[in-house]
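# Structure assessment
Below are the chains, spelled out letter by letter.
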Amino acid sequence: RNFIFLILGQINSLFANTILRFVLSMYILELTGSASIFAGLLAVSMIPTILLSPFGGILADRANRRNIMVGLDFLSCITAFVTVLLINESNAVVMAGCVLTVLSILGAFESPTVQAVVPQMQEGDNIIRANAAVNQVAALAGLIAPFLGSALYTIFGLRPVLAVSVGFFFLTAVLEVFIRLPYHR
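Heads up: these notes are all about the structure in this document. Throughout this description, residue numbers start from 1 for each chain and increase along the sequence as written. Local features in this predicted model are restricted to residues of pLDDT 70 or higher, and side-chain atom pairs are both shown and tallied only at a pLDDT of 80 or more, whereas totals for entire chains, interfaces and linings draw on every residue. Note that water and hydrogens are dropped before the side-chain values are worked out from all heavy atoms of the structure.

## Notes on the environment of Phe74
Of note, Phe74 is situated in helix α3 (residues 65–86). Separated by 36 residues in the primary sequence, Phe74 and Phe38 place their C-alpha atoms 27 Å from one another. Contacts are assigned to residue pairs that have any heavy atoms within 4.5 Å of one another. Filtering out sequence-adjacent residues up to four positions away, Phe74 remains in contact with Phe170 and Ala173. Elements are defined by DSSP. Helices are runs of H or I of four residues or more, strands are runs of E of two residues or more, and each kind is numbered from the N terminus.

As structure tokens, this is what we get:
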């Protein structure tokens, strides 16, 4: 049961995150027509992941992992919600840069936490299968979500896609609340 909630949460969270990142980038490219601004935003937003991932691992080893996952997905929900409310053509580049950076920071803490949760939920050979399932979800999100995001952005535009991502992040946080993990300080 715990693992099913984890996988469903990862599907929601990773797809929403990847779609959100891709759609914001497409919006900036469409708005500015500048490939260098588009690429620059993506490059700068990756820096926090590189720098903060080791700290994400430390946090995952020292704090309640379930609460970390719930908190991070709820913060992603709030970030997407604020973006829906505030983004417009005049602040799009700065806003997109901030959102992409915040999502990168949250991802730097979420990924190590999810990786640390799997051995806590499974035993023996199931750990290998469970890690493979989590990695498969991440790979599928990386492959399918940009295509899906592109189609959704083309059909519906920016705000509806952002609004749906808010819902997915919120649903993920709710699913993760029901995960039961023992916490030992």
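## Remarks on the side chain of Ser104
Tracing the chain through its elements places Ser104 in helix α4 (residues 92–121). Relative accessible area decides the class of each residue, using a 1.4 Å probe on protein chains only: under 20% of the type maximum gives buried, over 50% gives exposed, and in between gives partly exposed. The class of Ser104 is buried, set by a relative accessible area of 2%. Here a polar contact is taken to be a pair of N or O atoms separated by no more than 3.5 Å, where protein atoms must pair a possible hydrogen donor with a possible acceptor and residues adjacent in sequence count only if both atoms sit in side chains. A distance of 2.5 Å separates polar atoms of two side chains, one belonging to Ser104 and the other to Thr49. If near-sequence neighbours (up to four positions away) are discounted, Ser104 is found in contact with Arg21, Ser45, Met46, Pro48 and Thr49.

## As for the nonpolar core
The criterion is simple. A nonpolar core is a set of buried Ala, Val, Leu, Ile, Met, Phe, Trp, Tyr and Cys residues joined through side-chain atoms within 4.5 Å. If you look at the biggest cluster of nonpolar residues, it comprises 28 residues, and the most contacted ones within it are Leu20, Leu24, Tyr27, Ile87, Leu158 and Leu162. For this core, the elements supplying multiple residues, two or more each, are α1 (2–32), α3, α4, α5 (125–156) and α6 (158–177). The biggest single contributor to this core is α1, with 9 residues. Excluding anything up to four places from it in sequence, Leu158 contacts Val23, Leu24, Tyr27, Ile87 and Tyr153. Residues Phe3, Met69, Ala130 and Leu175 belong to the second largest nonpolar core, which totals 15 residues.

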